[in-house]
Amino acid sequence: MHKPRIAAIAAACAVAGAALYGAGAATAGQSTANSTHEPYNIGVLVKDIDTYYGTTLDSNGVYQASPDSPYAKDLARIESDAERYIDKAAHKARHHGEKPAVVFDIDDTLLLSLDYEKKTNYTYNSASWAAYVAQADRPAVFGTPALVEYARSKGVEVFYNSGLKESQRADAVKNLKKVGADVNLDADHMFLKDAANPPAYLSDCATATAWNCTTVQYKSGTRKHIESLGYEIVANFGDQYSDLDGGYADRTYKLPNPTYFVS
């Protein structure tokens, strides 16, 4: 997920002057990082992020998003459109003799990492991130486990394409089951980053001695591999544009995430 990664603060300052997923806009005196104007204020940005998620601290000391938040409403609109599309696309694909499939990213597409981001001040650290994933206790991104089940109910094959490490597979499976995304969690459907033993279909950018794949190369290469197995990827879901770029999907769905940026 987070490697390579740019913290939300840096990414947002680079695009200051635009609204942050509808949560708030920069003032007239603020402009882009390429200008001589003062960039977006970090304190205001964090408040905007909290407003967008409806962030609250629960009784267990975990930061949670609110189901009534702008974030939740944005997700609901995206997911409603996706359900309508998946239903039609599945019928169309089968009509043409194709096997329809959907692909989901995991981090902040199915499992929400807001608590980690808040407690690390939106700053990634590989050790703290590994410990967080190992807890296998992240809440669901609102509505996406149900979308996984909806696709399955329509006869669409579900795949996962994640930047999580192969060594984190058991934790990812445990957490996905906990939130109700319990569909096709086997190694043939869940693709994770295996730098020690990269698959042959990524040989252009990854070997056992050197992993040089960008996120786009890794994810699009994996989708190409899925389609080589005889599937037509009708929809691809992710919270980063790098989850979606590179082709090999009929339609892409960008889920909101203002907390970090993965190039």
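Report on the accompanying structure. Just so it is clear, the model here is predicted, and its values are computed rather than measured.

## Here's the deal with the overall build of the protein
Then, number 1: When its secondary structure is counted, the protein shows nine helices and nine strands.
Then, number 2: Only carbon and sulfur atoms are counted for the fraction: they give 52% of the accessible area of the protein, which is about 12100 Å².

## Here we look at the sheet that holds strand β4 (residues 99-104)
Then, number 1: Pairing is parallel across the open sheet formed by five strands, whose spatial order is β6-β5-β4-β7-β8. Looking at the sheet topology across the chains shown, the edges are occupied by β6 (190-193) and β8 (252-254). Neighbour-to-neighbour, the strand axes of this sheet turn through a mean angle of 20°, independent of strand direction.
Then, number 2: Here three bridges tie strand β7 (residues 231-238) to β8, and the two strands are oriented parallel to one another. Note that in β8 the partner of Phe237 across the bridge is Tyr253.
Then, number 3: Those strands touched by helix α7 (residues 169-179) are β5 (157-165) and β6, and its axis lies near 135° from that of β6.
Then, number 4: Against the sheet, helix α8 (residues 215-228) makes contact with β4, β5, β6 and β7, and its axis sits at roughly 150° relative to β5, the strand it touches most.

## A few points about the nonpolar core
Within soluble globular proteins, side chains that are nonpolar tend to cluster in buried spots.
Then, number 1: With 36 residues, the main nonpolar core has Ile86, Val102, Phe104, Ile106, Tyr160 and Phe237 as its most contacted residues.
Then, number 2: Contributing elements (two or more residues each) for this core: α3 (70-95), β4, α5 (126-134), α6 (144-153), β5, α7, β6 and β7.
Then, number 3: In terms of residue count, α3 provides more of this core than any other element does, six residues in total.

## Topic: the side chain of Asp243
Then, number 1: Position of Asp243 relative to the elements: it lies in helix α9 (residues 241-244).
Then, number 2: Among the polar contacts made by the side chain of Asp243, one reaches the main-chain amide nitrogen of Asp239 at a distance of 3.2 Å.
Then, number 3: Contacts of Asp243, omitting those with residues within four sequence positions, involve Asp105, Lys219, Arg223, Asn236 and Gly238.

## Concerning α7
Then, number 1: Listing the buried residues of α7 in full gives Arg169, Ala172, Val173, Asn175, Leu176 and Val179. Down the axis of α7, the buried set is contained in an arc of 170°. They therefore lie on one face. In this structure, α7 carries Ala170 and Lys174 as exposed residues pointing more than 90 degrees from its buried face.
Then, number 2: In this fold, the buried residues of α7 make contact with α6, β5 and β6.
Then, number 3: Where α7 terminates, the next one or two residues include Gly180, which has phi positive at roughly 95°.

## Quick notes on the state of the cysteines
Then, number 1: Enumeration over the complete set of coordinates arrives at one disulfide.
Then, number 2: Disulfide pairing is shown between Cys205 and Cys213; the S-S distance is 1.9 Å. Disulfide Cys205 to Cys213: torsion about the S-S bond roughly 80°, handedness right-handed. The pair formed by Cys205 and Cys213 is uniform in burial state, with each residue classed as buried.

## Examining the packing of helix α2 (residues 42-53) against α3
Then, number 1: The interhelical angle for the contact between α2 and α3, taken along N-to-C directions, is 55°, at an axis separation of 5 Å. Viewed along their axes, α2 and α3 adopt a mutual orientation that is oblique. Residues Thr51, Tyr52 and Tyr53 of α2 lie in contact with α3, whose contacting residues are Pro70, Tyr71 and Asp74.
Then, number 2: Residue classes in the contact of α2 with α3 are distributed as four nonpolar, one polar and one charged.

What counts and what doesn't
- Residues numbered from 1 in each chain as written.
- Predicted model: local features only at pLDDT ≥ 70, side-chain atom pairs only at ≥ 80, totals over all residues.
- Heavy atoms only, no water.
- Helix = DSSP H or I, 4+ residues; strand = E, 2+ residues; numbered from the N terminus.
- Areas by Shrake-Rupley, 256 points an atom, 1.4 Å probe, with all protein chains shown as cover.
- Pairing = 2+ DSSP bridges.
- Axes fitted to C-alpha atoms, helices over the stretch in contact; angles between N-to-C directions.
- Contact = heavy atoms within 4.5 Å.
- Core = buried A, V, L, I, M, F, W, Y, C linked by side-chain atoms within 4.5 Å.
- Buried < 20%, exposed > 50% of the residue type's maximum accessible area, 1.4 Å probe, protein only.
- Polar contact = N/O pair within 3.5 Å; in protein donor to acceptor, adjacent residues only side chain to side chain.
- Arc of directions from axis to C-beta.
- Disulfide = S-S within 2.5 Å.
- Parallel < 35°, antiparallel > 145°, perpendicular 65-115°, else oblique.
- Nonpolar A, V, L, I, M, F, W, Y, C, P; charged D, E, K, R; others polar.

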